[in-house]
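Spelled out, the chains give:
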Amino acid sequence: MATAAARPVPGTVVRLLRLQGFPILQQLRLEEALLRATPHNWFVLNDGTLDPTVVLGVSGKPDQLVHLPLAAQQRVPLIKRFTGGGTVVVDADTIFTALIMQQQSLPEVAAYPRPVMQYTEQLFAAAFAPHGPFRLRENDYCYGERKFGGNAQAITKSRWVHHTSFLWDFQEERMALLKQPERQPEYRQGRDHLEFVLRLRELLPSRQRLLEQLCASVEAAGFRLQDASLAEAEEALAANKLCGTHLLDVQQLAAAEQERQQAEAKAAAAAAAAAACAAG
Amino acid sequence: MALAQFAKKAVAGLGLRCGTPLLSEGGSALRGLLGSRSYSLVPEVLKYSEDHEWVQVEGDIAVVGITDHAQAELGDLVHVELPEVGSSIAAGDAFGVVESVKAASDVIAPVDGEVVEINKDLMDDASMINNEPYGDGWMIKVKLTNKGQLDGLMDAAAYTSFCEGQ
């Protein structure tokens, strides 16, 4: 069971990988490789991804979660990631973190979703709490009633990754790519995306300062941060056998969605005509 | 289902372990006696892995699922991915994924073998694992290729102690 005071084994090293504008598809594949194919602890920090992208969780159904014709029209890539959770649209104003941990390094935090999230809420409080009423609310990072960060996990044997997407800023028209999900947290109360999410730049004074505070929160939690290079991290890619992150064919999905809608419209018209005939 | 949950909690609260045997799909006599529900927390007849999977052996076939402890820790399951029939699994490697509370968790194979059947009902309703982890929530059936591996799994008493120590 995770507690507010859960501390790592003294001297535990976390390799810090700092990236900027790194493509989200490559970041996710790298995270999965670091989780599955290395024995080390990692903290990955990526300041934005250049191209706007929609990222779905492992069970996400594109036709139910994304306005596919709009995504196809705007040529926005769709990615299915290896972790659970919902759908996000990310871009250069999204700040990503990934904490990859060997359970033995944090023996008080069981490798299950709720203890991990209880732990990370405490971890990130160091960075966010000074600026407002920060909390993990039904598994979302929030200030008050408004969500500023999504998160998701993957757990394998005694290793886990908790990764986040913090909204420093966002473009409203990009939020229009997302449909209202069927499964929603209660506190959302049916609000649409723009009423539900919060731009961190509205509350925090400096993006650069936030990046520094996120790294500092890991150190404050008792870990010894050790800089790592991208080349070192990428060695895991060759060693990883399982890759659950992949790019979806948005054009094909949009075409299939259009065909489905046309077939439904045709069937509805035929049913209406048959009903009219029967009535006449 | 509420009664099953109450029974589980009552037994757990007393520090006891239900000894009601698991039902097999082979139409054993036990099904007639015990009905279609399993109330056990750690059924005596099963074997267990340290990754919280259970195994029921019927001849050369092993039925595999995740334990009551695992489903409770994972929370409400919303999605399951299972291997294809005909594929091989290796002990210690992931053979499937379950999703709950924003987490995708690997399900680890307790034994080597060839997948001969998967529980397709779980594709439509992953909560069956939460509700009946030892019954309708079974995940795969495997033709064993190394029966000696079963000796390396825990019995009910050892698994209970293992969980208490975690």
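What you see is a predicted model, and the numbers here were worked out from it, not measured in a lab.

Student: Whenever I open this one, the overall build of chain A confuses me. Can you help?
Tutor: Looking only at helices and strands, chain A has nine helices and 12 strands in total. At 21 Å, chain A has a C-alpha radius of gyration in line with the 19 Å of a compact globule built from 280 residues. With the C-alpha coordinates of chain A rotated into their principal frame, the extents come out at 85 × 45 × 35 Å. For chain A, restricting intrachain contacts to residue pairs at least 6 apart in sequence, the fraction spanning at least 24 positions comes to 80%. For chain A, the accessible surface area stands at approximately 12600 Å², while carbon and sulfur atoms represent 52% of it. Looking at chain A, you have 29 positive and 30 negative side-chain charges, and the mean spots of the two groups are 4 Å apart.

Student: How should I be thinking about the confidence of the model for chain B in this particular structure?
Tutor: Low pLDDT marks stretches whose predicted atomic positions should not be read closely. Residue and element names in this part refer to chain B. This prediction gives chain B a mean pLDDT of 82; 76% of its residues lie at or above 70. Low pLDDT (under 50) marks residues 1–40, which in the prediction has 65 contacts with non-local residues, meaning those over four places away or in another chain. We note a pTM of 0.87 for the whole complex and an ipTM of 0.90 for its interfaces.

Student: How should I be thinking about the interface of chain B and chain A in this particular structure?
Tutor: One frequently used descriptor of interface size is the decrease in accessible area upon assembly of the parts. With 22 residues of chain B at the contact, the number on the chain A side is 22 residues. Of the roughly 1700 Å² buried where chain B meets chain A, counting both sides, 51% is carbon and sulfur surface. Contact with chain A buries area across many residues of chain B, yet Val101(B), Lys102(B) and Ala104(B) alone supply 36% of it, more than any other trio. The interface formed by chain B and chain A holds two salt bridges in total.

Student: What is the right way to read a negative patch on the surface from this model?
Tutor: A cluster of acidic residues, Asp121(B), Asp124(B), Asp125(B) and Asp136(B), forms a negative patch at the surface. Counting through the fold element by element, Asp121(B) comes out in helix H4 (residues 121–124).

Student: What exactly am I supposed to notice about unusual backbone geometry here?
Tutor: Excluding glycine, most residues fall at negative phi; most peptide bonds, likewise, are trans. Positive phi outside glycine occurs at Arg75(A), with the angle close to 55°. A positive phi angle is found at His52(B), which is not glycine, with a value near 70°.

Reading the values: rules and limits
- Per chain, residue numbering runs from 1 following the sequence as it is written.
- Chains and ligands are labelled sequentially in the order written, the chains with letters from A and the ligands with numbers from 1.
- Per-residue local features are limited, in this predicted model, to residues with pLDDT of at least 70; the limit for side-chain atom pairs, both in listing and counting, is 80 or more; totals at the level of whole chains, interfaces and linings are taken over all residues.
- The side-chain numbers reported here are obtained from all heavy atoms of the structure, hydrogens and water having been left aside.
- We count a stretch as a helix when DSSP gives it H or I for four or more residues in a row; a strand needs E for two or more, and each element gets its number in order from the N terminus.
- Two things to know: the radius of gyration comes from C-alpha atoms, and the globule rule equals 2.2 Å times the number of residues to the power 0.38.
- Throughout, a residue-residue contact means that at least one pair of heavy atoms, one from each residue, lies within 4.5 Å.
- In short, Shrake-Rupley with a 1.4 Å probe defines the accessible areas, and a residue's cover is counted only from the protein chains shown.
- Charged-residue counts in this description rest on Lys and Arg as positive and Asp and Glu as negative, His and the chain ends being excluded.
- Taken as the charge location is NZ of Lys, CZ of Arg, CG of Asp or CD of Glu.
- Scored from 0 to 100, pLDDT reflects the predictor's confidence in each residue.
- Values labelled buried area give the accessible surface lost by two parts on being combined, using a 1.4 Å probe and summing over both.
- Definition used for salt bridges: Asp or Glu carboxyl oxygen within 4 Å of a side-chain nitrogen of Lys or Arg.
- To count toward a patch, a residue needs a relative accessible area over 30% and no salt bridge; like charges are then connected within 9 Å, while nonpolar side chains (Val, Leu, Ile, Met, Phe, Trp, Tyr) are connected within 5 Å.

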